[in-house]
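Below, each chain spelled out in residue letters.
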Amino acid sequence: MTEVYPYHHAPRHLRTRRQLRAAGLRPGGQDPVAEVRWWGGLRVAYLYDIGRARPVRSMTPGRERALAEAMRARRTCPACLIDTGYCIPRRYGICLGCVDADRAREDREYEEQQPPEHDCDHT
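Right, let's walk through the structure included here.

Parameters at a glance
Residues numbered from 1 in each chain as written. Predicted model: local features only at pLDDT ≥ 70, side-chain atom pairs only at ≥ 80, totals over all residues. Heavy atoms only, no water. Core = buried A, V, L, I, M, F, W, Y, C linked by side-chain atoms within 4.5 Å. Buried < 20%, exposed > 50% of the residue type's maximum accessible area, 1.4 Å probe, protein only. Contact = heavy atoms within 4.5 Å. Phe/Tyr/Trp six-rings, centres within 6.5 Å; stacked < 30°, edge-to-face > 60°. Helix = DSSP H or I, 4+ residues; strand = E, 2+ residues; numbered from the N terminus. Lys NZ or Arg CZ within 6 Å of the ring centre and 35° of its normal.

Quick word on the nonpolar core
Item 1. Formed by Cys77, Ile88, Ile94, Cys95, Cys98 and Val99, the largest nonpolar core amounts to six residues.
Item 2. Look past the residues within four positions of Ile94 in its chain and what remains in contact with it is Cys77, Pro78, Ala79, Ile88, Pro89, Val99 and Asp102.
Item 3. Among the nonpolar cores identified, the runner-up in size contains five residues, and Leu14, Ala34, Val36 and Leu47 belong to it.

A look at the packing of aromatic side chains
Item 1. Counted according to the given criterion, the structure contains one aromatic pair.
Item 2. Aromatic side chains Tyr7 and Trp38 sit 5.1 Å apart centroid to centroid with 45 degrees between the ring planes, which places their arrangement in the tilted category. Within this pair, whereas Tyr7 is found in the loop between β1 (3-6) and β2 (14-15), its partner Trp38 is found in strand β4 (residues 34-38), the two being separated by 31 residues in sequence.
Item 3. Given the relative accessible area of 23%, Trp38 is considered partly exposed.
Item 4. Here the guanidinium or amino end of Arg43 rests over the ring plane of Trp39, the centre of that ring lying 6.0 Å away.

The structure is reproduced here in structure tokens:
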């Protein structure tokens, strides 16, 4: 990869993976031929030659089942075993309902550990 272009200045025959995908194409095994850089080089997007790209492979029934199973695993909370309907946040590793329940339990435990307040007046 030798060519580096500023944002919006790459030749029209070079595309990012997302642009290829939107056109129904994939890189097809080719290495990136150039890159686009912006934000002072902090952001980089690799570019592929559209002439060497290949059509996206069709979804087979086996692939579809495997993808559905993988997505179901990402939506299932390991703590309560409920399919939440959304991908479990990696930050917590459990569903948001379990996060709230854990926080409430921690708050209760903290309150129980605090010494009781006395209303007596020592004057």
